[in-house]
Amino acid sequence: MGRKQKSKQGVPPTLEETRGTGKKPEAKVEKKRKPTEETAALQPPKKQIAQEKKSLFEESESEPESNDVKAAGDEFEEADESSELEDEENVDQAQDEFVQGDEAEEESEQDSIFDSDEESRGKPMFSDDSGEEDDLQVANLEAMSRKLDEEAELEEKEAEEELHTNIHPTAPTILPPKEEGGLADGQPMSAFTQDLSQIQLRIQEINRVLNDFKNLCEPGRSRAEYIDQLISDVSVYYGYSKFLTEKLFELFSASEAIEFFESNELPRPVTIRTNTLKTQRRELAQALINRGVNLEPVGKWSKVGLQVFESQVPIGATPEYLAGHYILQAASSFLPVMALAPQPNERILDMSSAPGGKITYVAALQKNTGVIFANDANKARTKALTANIHRLGVRNAIVCNYDGRKFPNDVLGGFDRVMLDAPCSGTGVIYKDQSVKTNKSERDFDTLSHLQRQLLLSAIDSVDADSKTGGYIVYSTCSITVDEDEAVIQYALKKRPNVKLVSTGLEFGREGFVRFREKRFHPSMKLTRRYYPHVHNIDGFFVAKLKKVSDKIPQTVNDVAEAEEEHDIVEEDSVNANSENDSLTFDDEADKAIIEENRRKWLKSKGYKVSKKN
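Residues numbered from 1 in each chain as written. Predicted model: local features only at pLDDT ≥ 70, side-chain atom pairs only at ≥ 80, totals over all residues. Heavy atoms only, no water.

Peer 1: Go over the overall build of the chain, please, and point to the residues and values.
Peer 2: Each helix and strand counted, the chain has 23 helices and 17 strands in total. Considering the chain as a whole, with its 614 residues, one finds that 39% of them fall into the buried category. Working note: accessible area of the chain is about 36,200 Å², and carbon and sulfur atoms make up 50% of it. (Helix = DSSP H or I, 4+ residues; strand = E, 2+ residues; numbered from the N terminus. Buried < 20%, exposed > 50% of the residue type's maximum accessible area, 1.4 Å probe, protein only. Areas by Shrake-Rupley, 256 points an atom, 1.4 Å probe, with all protein chains shown as cover.)

The following block contains the structure:
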């Protein structure tokens, strides 16, 4: 930099060049060599080599340059001194610019010496005042950062536009084509339900359409078609029978039904109940924490429940468990006992008490006072019931094995309170028994509901309405179907007008159905409580509490009409039977053979050896 372009053949400068610049080449060369030598020691080897190349090249030019200048000097000896002073100032300025030039610019120009002063002035020069190389890097990073931010913003905008495009209220084609001769697009309809990933996506899409059916439905398709397809997909994806899927689907909206089916695939939290006959919850929690158990209270609604998240020791084999300080019990099993609210010194009947979680809770609330009849129809289950009663220190319980329908006539009655956790289909605890998904039929539900109705009537009849502190019946099931819950309570209210529904006293839970599809129930049915796994994170459960107001069963108008109708039918049957008997004769020998054959079969079933018929 700072040097004029020279001819390698030593051509002297023209008159205009001499007048315009007025530079003295010799002085310029000598002045340039000095800063070059001074700065060479401070430069790195690579730059030093480049500088030496420049100096050698300048020396090769100095000889012809000096001769030419001398010849030109003879012709122009009368040059103005003022121009010489200007030349010296220009030379000094050029030398300063050369020395203080940017190192990066020197490296890029080390192979060329043909830059003019005007060109050098047009290029940016970075001195100490204008910043160092670090400033350039920071500026570059800032520029790159801004560029990346702009690109990210652009991508985000495009993604949002694409999302809006995808969720635009259009009519997605998610239903299989309409069936024609059992085929859809030349394939069987069952072919559309084989890929589980596709079924899951279709379930989500149908759910989205049903939530905004007006805008998203396909032309010519009804809501019933979407629901039928959704039920079919849920049945295949979660492994339910078509019958049970439809029965459970009726209880919820489409979105909530999917949540319910999904919750049945996951286990409920492990919970334990503190046995207050032997310890307190705070003491038990501290002891288990010291053993490496991670736990916390079940909720504000229970004062004895603890929820276990993680344990370094088997939770069912700790010294505290063996000592009877707690029992493994589902949180939903607390609810019937809390609704029953037993008082000290009462006579209480639990008609289906195995394996003992609820009855031992009742004993703890009674503080081992009064008498508890712990009944269970299954004799094998009474073994676990007896073991838990002894381990937890219950001393006021009597274990018995009777059919609950025999209370009170054949066994005992006059209880202050009765608790009936009736046998049920288990649709609230499907995660425990996956076989429920496929092995329940309409006949099973009819049989169970009939049994539940009989047990509830026996429970009502077993209660003493004149009890000073009681007269209550609590009915509960671990099922969520209306046939086993509200329908059974409605039947009891109809058959036993001397009872009424009262509040369960439970702080949470959904109200029972007052109307369900075409069925209509008593307005007080809203006092019952329903619990769902996807809502309350406990087992599906139903709890109802009844109060017996009188031991006398009043007859209603309907009952009188039914009784008269039955009486007329009986009389008519008896007249017909008498008329038939007049024309019928019996063969005593044939009857004797039949009776003998039945007797032999009965003896054989009892284990007796029966001789062969002669």
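Peer 1: Explain the packing of helix α11 (residues 242-249) against helix α12 (residues 254-263) residue by residue, including any values.
Peer 2: Two numbers describe how α11 lies on α12: the axes approach to 10 Å, and their chain directions differ by 125°. Relative to α12, the element α11 lies oblique. Only Ala254, Ala257, Phe260 and Phe261 of α12 make contact with α11, whose side of the interface consists of Thr245, Leu248 and Phe249. Considered class by class, the residues forming the contact of α11 with α12 number six nonpolar, one polar and no charged. (Axes fitted to C-alpha atoms, helices over the stretch in contact; angles between N-to-C directions. Parallel < 35°, antiparallel > 145°, perpendicular 65-115°, else oblique. Contact = heavy atoms within 4.5 Å. Nonpolar A, V, L, I, M, F, W, Y, C, P; charged D, E, K, R; others polar.)

Peer 1: Could you give me a rundown of the pattern of salt bridges, with the residues and numbers involved?
Peer 2: The final tally for this structure, using the stated rule, is 19 salt bridges. For Arg208, the salt bridge goes to Glu205, with nearest N and O atoms at 2.8 Å. Of the two residues, Arg208 and Glu205 are both situated in helix α8 (residues 196-211); the distance of three residues between them amounts to about one turn of the helix. Owing to a relative accessible area of 29%, Arg208 belongs among the partly exposed residues under this scheme. Measuring nitrogen to oxygen at the nearest pair gives 2.7 Å for the salt bridge that ties Arg417 to Glu346. (Salt bridge = Lys/Arg side-chain N within 4 Å of Asp/Glu carboxyl O.)

Peer 1: Can you break down the confidence of the model for the chain residue by residue, with the values?
Peer 2: Chain-level pLDDT for the chain is 77 on average; 64% of the residues reach the 70-or-more range. Contacts from residues 97-131, a stretch scored under 50 in pLDDT, to residues over four places away or in other chains number 45 contacts. Long-range and interchain partners of residues 579-585, a stretch whose pLDDT sits below 50, account for zero contacts in this model, where long-range means more than four residues apart. (pLDDT = per-residue confidence, 0-100.)

Peer 1: Can you break down the packing of aromatic side chains residue by residue, with the values?
Peer 2: Both the distance between ring centres and the angle between the ring planes are used here to describe each pair of aromatic rings. Taken as a whole, this structure holds 17 aromatic pairs when the rule is applied. Ring geometry for Tyr402 versus Phe407: centroids 6.2 Å apart, planes at 85°, classification edge-to-face. Overall, Tyr402 belongs to the partly exposed group, its relative accessible area being 40%. Every member of this aromatic cluster is reached through a ring pair, and the members are Tyr237, Tyr238, Tyr240, Phe252, Phe260, Phe261 and Tyr532. Between the NZ or CZ atom of Arg347 and the centre of the ring of Phe415, over which it lies, the distance is 5.0 Å. In this arrangement the basic side chain of Arg391 is found over the ring face of Tyr321, its NZ or CZ atom lying 4.0 Å from the centre. (Phe/Tyr/Trp six-rings, centres within 6.5 Å; stacked < 30°, edge-to-face > 60°. Lys NZ or Arg CZ within 6 Å of the ring centre and 35° of its normal.)

Peer 1: Can you tell me about the side chain of Asn368, naming the residues and giving the values?
Peer 2: Among the secondary structure elements, Asn368 is positioned in the loop between α16 (357-366) and β8 (371-375). Classification of Asn368 by relative accessible area gives buried; the value is 17%. Among the polar contacts listed, one links the side chain of Asn368 to the backbone nitrogen of Arg395, at a separation of 3.0 Å. Once you skip the residues sitting within four places of it in the chain, Asn368 turns out to touch Leu277, Ala363, Gly393, Val394, Arg395 and Asn396. (Polar contact = N/O pair within 3.5 Å; in protein donor to acceptor, adjacent residues only side chain to side chain.)

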